[in-house]
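Chain and residue survey
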Amino acid sequence: KEMRRSNTPNRQRSGSMDGSIDDDARSVGSTGSMGRMNGSKSPGFSDGGMSNFSGSSNPGTPRGFVGSYYGGYSGGGDMPMGEEWIEISRDQLYIPGPEDVGRKLKLEAAAYSTETGELLMHRVVKTDLVLARAPDPPKRNVITNKVGSGGGGARFRIATYNVLAEIYATQQQYPYCDIWALSWDYRFQNILREIIDVSPDVICLQEIQADHYENHFYAAMSEQGYEGVYKQKTRQSMGLAGKVDGCGVFWRRSKFHFAESYSIEFNELAQRQATQVLGLNPRSEEGMAFMNRLSKDNVAQLVVLELAQPTLATRANRDPINQVCIANTHFYSNKDFPDVKLWQAWQLLQELENFVMSRGTNLPLIICGDFNSTPDTAVYDLFSRQTVHPGHPDVNIASNDDIPNVLPDAMNITHSFQLGSSYQTIFGEEPNFTNYTANFKGVLDYVWYSVQNLRPLSAAPIPDESALTKHGEALPSTEYSSDHIMLISDMQILGGGSRPP
């Protein structure tokens, strides 16, 4: 087997990652230069040891040879006549290095009969330009709360991050981002490095694709010392199995032990409210209109975690709390459905009330997620003020045959939690944005906490626009691999003898 490299580096950036893969390449398991071969990561990337480039090694297959690399051509299809290739390896495994950046790889594999020596199969796989490893994620330094943090109980770091599922990361949606930077293999490595660099004790993730949870996130996070649970959206996958996103919560095993979990499907809550609360016939026009308006497949997950090293009682903290409830959700995204988002917020808080109250009123609560709601919405008011103003536009959507009224009277849209927003508490206001695309820039993500038994100690500011646009006009980019920015906050549990500031 042999591996070859093109003789002349080509520093031009390529606009397509799969134009140079021919039909023969596809017959040995490649789905384009971003595809995988026998579990290896994308062959077209030099990531300092993260990427493998291996040939077929199925048991019983006669071993053959492996092939080459070219850098003087950036188009798709077959290479032009007269190209020059340099043989660089005949090993079974080849890991691209810095010297390969800007060149193309060609892998040749052949299988011979062990009895006659006859050539049984010959295949060639060509990659596009090998890319340099993405820059390390910018350091996210935290700003500490000016209010003293003495006393109290355990401290832990929580983060929330919408990672942008592969099924949504399309060139049509993000035309300003190079297509190779939208590929999942490239983005996952960036996202994982970012998470590891932040080193959270708990992280709530949204838009984890179902097939990526087991194959990528769980395996990688487990290797880093985390345990996790996942809840996919209610809808069926988009075509192939696993092509549906959902929410995942991971926690550091050395910090927390799993106590219990509970998942929420908003479709199921809509069905329950229609039939049991409102007494609607689900087959009637009114019932179907109600269900169609609210059935958007969104989910939430609740996880109760217990401190691996419980806080002991002291004179200052006579009744230490050693558990925390983490809720993670992703609300409906369509801006034309504010009533649905408010209904989801109200239902989530109702479910949380029932869950927390049944386990004692002093269970600390953190609610993280992508709420798809800016600070001027009724959703934000409900979380922060326990109620919504009857005159708020989100509560007064004009109903008709196509848009049924799905909300109760505004006076009944309430909850009993006293919640604070971690970023608002630390900085005195919400950030300017947590989602930064060409078409929308605003705050959609939050870390809410129960003020009577938790306090935020610090938070990481959102990078400013000059930093976000250093490698592209908006997110995602070659540096930031999601269209959202991770929120990070250090929290402290307040015990029986401690009180919030």
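We now turn to the structure provided with this report. (Residues numbered from 1 in each chain as written. Predicted model: local features only at pLDDT ≥ 70, side-chain atom pairs only at ≥ 80, totals over all residues. Heavy atoms only, no water.)

Here we look at the overall build of the chain
Along the chain, the regular secondary structure elements total 10 helices and 22 strands. When each of the 501 residues of the chain is scored for burial, the buried share is 54%. A sequence separation of at least 24 residues applies to 77% of the contacts in the chain between residues at least 6 apart. Of the roughly 21,800 Å² of accessible surface on the chain, a fraction of 47% belongs to carbon and sulfur atoms. (Helix = DSSP H or I, 4+ residues; strand = E, 2+ residues; numbered from the N terminus. Buried < 20%, exposed > 50% of the residue type's maximum accessible area, 1.4 Å probe, protein only. Contact = heavy atoms within 4.5 Å. Areas by Shrake-Rupley, 256 points an atom, 1.4 Å probe, with all protein chains shown as cover.)

Some details on the nonpolar core
Ranked by internal contacts, the top residues of the largest apolar core, which has 66 residues, are Phe 156, Ile 158, Leu 205, Phe 217, Phe 250, Ile 326 and Ile 366. Tallying contributions element by element places helix α3 (residues 184-198) first for this core, with 7 residues. (Core = buried A, V, L, I, M, F, W, Y, C linked by side-chain atoms within 4.5 Å.)

Here we look at the environment of Ile 462
Position of Ile 462 relative to the elements: it lies in the loop between β21 (454-459) and α10 (465-468). Between the alpha carbons of Ile 462 and Ile 485 there is a distance of 7.2 Å; along the sequence they are 23 residues apart. Residues within four places of Ile 462 in sequence aside, it is in contact with Arg 140, Tyr 423, Pro 431, Phe 433, Ile 485, Met 486 and Leu 487.

Quick word on the packing of helix α7 (residues 338-357) against helix α8 (residues 378-385)
Put simply, α7 and α8 touch, their axes get as near as 8 Å, and they point 20° apart. The pairing of α7 with α8 is recorded here as roughly parallel in orientation. The handedness of the crossing between α7 and α8 comes out as right-handed. Of the residues in α8, those touching α7 at Lys 341, Leu 342, Ala 345, Trp 346, Leu 348 and Leu 349 are Ala 378, Val 379, Leu 382 and Phe 383. (Axes fitted to C-alpha atoms, helices over the stretch in contact; angles between N-to-C directions. Parallel < 35°, antiparallel > 145°, perpendicular 65-115°, else oblique. Left-handed = near helix turned anticlockwise from the far one by under 90°.)

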